[in-house]
Amino acid sequence: MGELLSYNRAYIAAFIIIVLVAMFVISVVVGRKETAQRDKDEVFGDPERTRGGWYWSACGVATLLLVWFYFSWGVGRAYFPEAANEMCQVAKLEEVVSPIKAALPIGSRYFKSTLLVARNTDQLDELVTQVPSDVFSPDEQDELRNIIGDQRQLMANSSDPTQLSAQTSSELNALVGKISLLADKLKSDPTSLKPTEEALAQPKWGLSIIEIPVLPTTSRGVLFDTVAGEAADITTLFNKIRNHPVQNDRIISDVKQRIQNLKTATESDDFDAAAIVQRNKYIKSVERIFKRLDDGTIFPARALEEVNGAIANLDAAKDHARGGLAWIESLFFPGQGVVKSRTQCTEQGSARWLPKPTDVVAEFLTLSNPDIEAGGGYKGIPLFWWKWLPLQDVVGFFVPDSIADIWPGEYAQLGPDGTITPSFKDDLLAFARGEAYLGAIPMLDGHLWDSLFRVLVALALGILLGVPLGLFMGVSRFFKSFFDPLIELYRPVPPLAWAPLILTIFGITDDGKIFLLFMVAFAIMVISARTGASGTQLSKIRASHSLGASTSQIMRYVILPNAMPEILTGVRIAIGVCWGTLVAAEILAGTTGIGFIENIARTVSDYELIWVTILIMGILGLMFDIIMRWVIARTIPWRGKG
Amino acid sequence: MADLICENLNMTFSNPQTGGKVEALKDINFTLKKGELLSVLGPSGCGKTTLLNMLAGFINPTSGTASLDGKVIEGPGVERGMVFQQGALFEWLPVSQNVDFGLRMKNTDPAKSKRLVDKWLGIVGLQGFGDTPTYQLSGGMQQRVALARCLVNDPEVILMDEPLGALDALTREKMQSLVLELWKETGKTIIIITHSVEEALLLGERLFVMAPRPGRVHKEYNLPFAELGLKESLRDIKQKEEFSEVREEILTMIWNMEEEIMGHG
Ligand SMILES: Nc1ncnc2c1ncn2[C@@H]1O[C@H](COP(=O)(O)OP(=O)(O)OP(=O)(O)O)[C@@H](O)[C@H]1O
Ligand SMILES: [Mg+2]
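Conventions we followed
- Residues numbered from 1 in each chain as written.
- Chains lettered and ligands numbered in written order.
- Predicted model: local features only at pLDDT ≥ 70, side-chain atom pairs only at ≥ 80, totals over all residues.
- Heavy atoms only, no water.
- Helix = DSSP H or I, 4+ residues; strand = E, 2+ residues; numbered from the N terminus.
- Rg over C-alpha atoms; globule rule 2.2 N^0.38 Å.
- Contact = heavy atoms within 4.5 Å.
- Lys, Arg positive; Asp, Glu negative; His and termini not counted.
- Charge placed at Lys NZ, Arg CZ, Asp CG, Glu CD.
- Buried < 20%, exposed > 50% of the residue type's maximum accessible area, 1.4 Å probe, protein only.
- Pairing = 2+ DSSP bridges.
- Right-handed = clockwise from strand over helix to strand, strands pointing away.
- Axes fitted to C-alpha atoms, helices over the stretch in contact; angles between N-to-C directions.
- Domains from an automatic or database assignment.
- Near = heavy atom within 4 Å.
- Polar contact = N/O pair within 3.5 Å; in protein donor to acceptor, adjacent residues only side chain to side chain.
- Areas by Shrake-Rupley, 256 points an atom, 1.4 Å probe, with all protein chains shown as cover.
- Parallel < 35°, antiparallel > 145°, perpendicular 65-115°, else oblique.
- Left-handed = near helix turned anticlockwise from the far one by under 90°.
- Nonpolar A, V, L, I, M, F, W, Y, C, P; charged D, E, K, R; others polar.
- Salt bridge = Lys/Arg side-chain N within 4 Å of Asp/Glu carboxyl O.

Details of the overall build of chain A
Link 1 in the chain: When helices and strands are counted, chain A shows 28 helices and 4 strands.
Link 2 in the chain: Against the compact-globule benchmark of 26 Å for 642 residues, chain A has a radius of gyration of 39 Å, which places it well outside the compact range.
Link 3 in the chain: Seen through its C-alpha atoms, chain A measures out along the principal axes to roughly 120 × 85 × 75 Å.
Link 4 in the chain: Restricting to contacts in chain A with at least 6 residues of sequence separation, those with at least 24 account for 79%.
Link 5 in the chain: Distance between charge centroids for chain A: 8 Å, based on 59 positive and 69 negative side chains.

Side note on the overall build of chain B
Link 1 in the chain: Along the backbone of chain B there are 10 helices and 10 strands.
Link 2 in the chain: Here chain B has a C-alpha radius of gyration of 19 Å; the compact-globule value for 265 residues is 18 Å, and the two agree.
Link 3 in the chain: With the principal axes as the frame, chain B shows a C-alpha extent of 55 × 45 × 40 Å.
Link 4 in the chain: The proportion of buried residues among the 265 residues of chain B is 53%.

Considerations on the pairing of strand β7 (residues 157–161) of chain B
Residues and elements named next belong to chain B.
Link 1 in the chain: The element β7 is largely enclosed, with a buried count of 5 among its 5 residues.
Link 2 in the chain: By the alternation rule, side chains of β7 split into Val157, Leu159 and Asp161 and Ile158 and Met160, which are all buried.
Link 3 in the chain: In terms of strand pairing, strand β6 (residues 80–83) meets β7 through 4 bridges, oriented parallel. From the neighbouring strand, Met82 faces β7, where its bridge partner is Leu159.
Link 4 in the chain: Both β7 and strand β8 (residues 189–193) contribute to a ladder of 5 bridges, which runs parallel. For Asp161, the partnering residue across the bridge sits in β8 and is Ile193.
Link 5 in the chain: In this view, the connection linking β7 to its parallel neighbour β8 by way of helix α6 (residues 169–186) has right-handed handedness.

With respect to the sheet that holds strand β1 (residues 4–14) of chain B
All names here are of chain B.
Link 1 in the chain: Read from one edge to the other, the open sheet built from 4 strands follows the order β2-β1-β4-β5, with strand pairing classed as antiparallel. Edge strands, defined here as strands with exactly one partner in the open sheet, are β2 (21–32) and β5 (71–72).
Link 2 in the chain: Bridging between strand β4 (residues 63–68) and β5 involves 2 bridges; their strand directions are antiparallel. From the neighbouring strand, Leu68 faces β5, where its bridge partner is Lys71.
Link 3 in the chain: Contacting β1, β2 and β4, helix α1 (residues 48–56) crosses the sheet at an angle of about 120 degrees to β1.

Some thoughts on the domain arrangement of chain A
Link 1 in the chain: The assigned domain composition of chain A is domain 1 (2–71), domain 2 (82–359), domain 3 (385–441) and domain 4 (446–635).
Link 2 in the chain: Here domain 1 of chain A and domain 4 of chain A have C-alpha centroids that lie 38 Å from each other.

Some details on the side chain of Lys318 of chain A
Link 1 in the chain: Relative to the helices and strands, Lys318 of chain A resides in helix α14 (residues 301–322).
Link 2 in the chain: Discounting chain neighbours no more than four positions away, the residues touching Lys318 of chain A are Val90, Leu93, Glu94, Leu186 and Phe224 of chain A.

Some points on the site of ligand 1
All names here are of chain B.
Link 1 in the chain: Contacts to ligand 1 come from Phe13, Val22, Ala24, Ser44, Gly45, Cys46, Gly47, Lys48, Thr49, Thr50, Glu162 and His195.
Link 2 in the chain: Gly47 is positioned such that a nitrogen or oxygen atom in its backbone is 3.0 Å from an oxygen atom of ligand 1.
Link 3 in the chain: Taking His195, its side chain carries an N or O atom lying 2.9 Å from an oxygen atom of ligand 1.
Link 4 in the chain: Protein contacts shield 59% of the accessible area of ligand 1, which totals 630 Å² for the unbound molecule.

Considerations on the packing of helix α27 (residues 594–603) of chain A against helix α28 (residues 607–635) of chain A
Residue and element names in this part refer to chain A.
Link 1 in the chain: Packing of α27 against α28 leaves a shortest axis separation of 8 Å and a crossing angle of 155 degrees. Compared by their axis directions, α27 and α28 come out roughly antiparallel. Every pair of crossing elements has a handedness; the one defined by α27 and α28 is left-handed. Judged by residue contacts, Ile594, Ile597, Glu598, Ala601 and Arg602 of α27 engage Leu609, Ile610, Thr613, Ile614, Ile616 and Met617 from α28.
Link 2 in the chain: For the contact of α27 with α28, a count of residues per class yields 8 nonpolar, 1 polar and 2 charged.

Observations concerning the pattern of salt bridges
Should the charged atoms of two oppositely charged side chains come close, the side chains can pair.
All names here are of chain A.
Link 1 in the chain: All told, the structure shown has 44 salt bridges over all chains when counted by the stated rule.
Link 2 in the chain: One salt bridge connects Arg77 with Asp359, and the closest N-O pair in it is separated by 2.8 Å. Of this pair, Arg77 sits in helix α4 (residues 74–79) while Asp359 sits in helix α17 (residues 357–368), and the two are 282 residues apart along the sequence.
Link 3 in the chain: For Asp359, a relative accessible area of 3% corresponds to the buried category.
Link 4 in the chain: With its nearest N and O atoms 2.8 Å apart, the salt bridge here joins Asp125 to Arg152.

As structure tokens, then:
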């Protein structure tokens, strides 16, 4: 069932989107009608103006979800499930021809040769002014200037169309021919092309980690894929073409020799170490430019113009072959489209970090599936489930071993006949150590439960210890002044600043996180209980005195209930802050918990999972608050009415 | 010998900020016999609340003693019940639990306290309101709850600090009758502080007019109106000539005191 849903998520999304659009339209129509009605009714202000209307809420929800669907490419995938695969094939072609384009104005505004000549000239100009006169003899300095002049000549020769060698010229012509053939091929009708079995067997878009299937699954895709394959050869060919004018050959061998001479001079003569370094440095910079020129990658502009035109032609053919896909892409795939990297095709733009709603739900369902074997849960732990908890573990945790030590009697000793008869004291020790089997109780389990458990335990401890202390601080000068410095010293430090210290002391187990959260909850509870207690009206305390209440009874029956509103507000705040701190602590250190999941998801860039954890935390936070609001409404209806 | 006796009571407040001293009460001497009804009247700031707080045991006198039944008052006690200007009710408890608060503190048997609570709620005219939250009651009803809460504890002396101050005229009159009835029926010693001269006359077997700076008893009256109030309607009493005469006399007295304060100020 789940698999079926997962496999057909594109169709499900298509249905949901239609429902959402309908919802949007209907709610706008109803909303406008209602508004028109009221505009007529009201004369002086609308008494109901602060009340909402379900239709605007529905409209808002629909808008939000539709925007989500749109920018995550959910709409595109729902109605054009093959589009991404085709875009991937187009991207393959683009990737393959990009090195050629990069050398031409069509891809980078200038010919690469133009840029090369400009750069080399700049560097040569600079070198000429910097010939070091102290380490080179005057003759050598002249020689260096000559070499630089020859290098300029090399560039001039390479840029001269009349000196273009016949071989280079024919190679370029052949290249243009091949590109044109490819363009013609792109313009041909692809319907006869069929995707391979292997391609059809790929997981659909969104079903694998790589997301977009790489092999072409449509006729048009196959066409692009084939063309891209052939274009790869053309690119290799292009990269191999060199321009070596005949006049350059002599200059090159000549310059090579003269540079070598200078190097030899450096070695033979007895220069001091610093001079050698300086000479070598300068000669190196001259030689570096020379090697670039020796490579023969400078072409006359006119010679490459035809290649540029052929590539433009190929682009036009590509657009023609894309046909309707171009429209679909610009309408339904906001962002930079699909990009082919070495091994996979990836969505670029908002879709990269914004997973599709259906994918998020699917991810959540996988995560919340308690069946670990079937791939549910995360890292071998379910999200929220239950397990059998051996009772002895609990006993072993709470009962100290020393109980057995205190018990009268002796531990068993090895008897003379080689047997050991355990005494009651031994049994007691086993019990206290949690070694005796006591049965098991069902216990909640899972990442979410671990997080909840930490928050709830810390909160409970914070309330149990913080509220009494706060109440006493609210009524007693001793308690107030004695504990105030302690609490006011640690409270202002952000909890996350404590985290590294506490997590280091306690290790990454639950204790550290619970203690950290306890610190947070404790301070909040103390302060809120104190505020509540100190706000008790004097007349109430006096009245209860006159009615015969003792001090402890006044604490219990007057001060505590009077502080209840502040205490509950404190709990509400503490839950929020604890929850926030917990997630951060789990991100810092932990092996379970919702923050742990998010942290791991972050390191592997699993955006779906990140969003799922964010949504889970948001929903839980909201639930906490709703529960607290309900509790407050139930327990202190008298708040502010006394 | 169930008398309330004040001997040379002095109360001086010192203000740590200004260093000034206020003689809130100076040389207060009086004896109140069991069952007497005393009303205390005086301009604002003359020390009425201070006196009552001292009798209740909430504050200790600077010098002098107050004693009840021969025992010196050193702190709050059940034998001295207090009714505050504003109910000082526990808003987190319903009416019945407010009333039986004192009984619960003493661990009285629940069945017995239930009987007592029902009885007193009946007397103050609040039967059937046991489960109502106090914040849903009117001001007059709240004062009646406060009265019941005090009386259920069976104190020997009832101290009331402007208990009817916040009530409208009609409710006030009803409550005045109620106080008189309770006085007669229970025979308790009652001290009632009020700002209203009429109320002081109606609810005072004895009446102290206090004067400020230092706070002292300026004049004392013995009045017949409280006795009369048990038989006749309060409105009729107010029509009587003796009543108006005393009223005018006291009003002039207080008026002069206020003038003096203003003059000094
Ligand atoms: N806790 C206190 N600290 C300092 N001065 C006080 C304190 N309580 C009362 N006083 C002063 O004592 C004087 C008597 O105050 P008290 O409250 O007894 O007056 P009162 O007669 O009850 O006035 P009112 O009719 O306005 O209630 C006043 O001048 C007041 O400023
Ligand atoms: Mg007062």
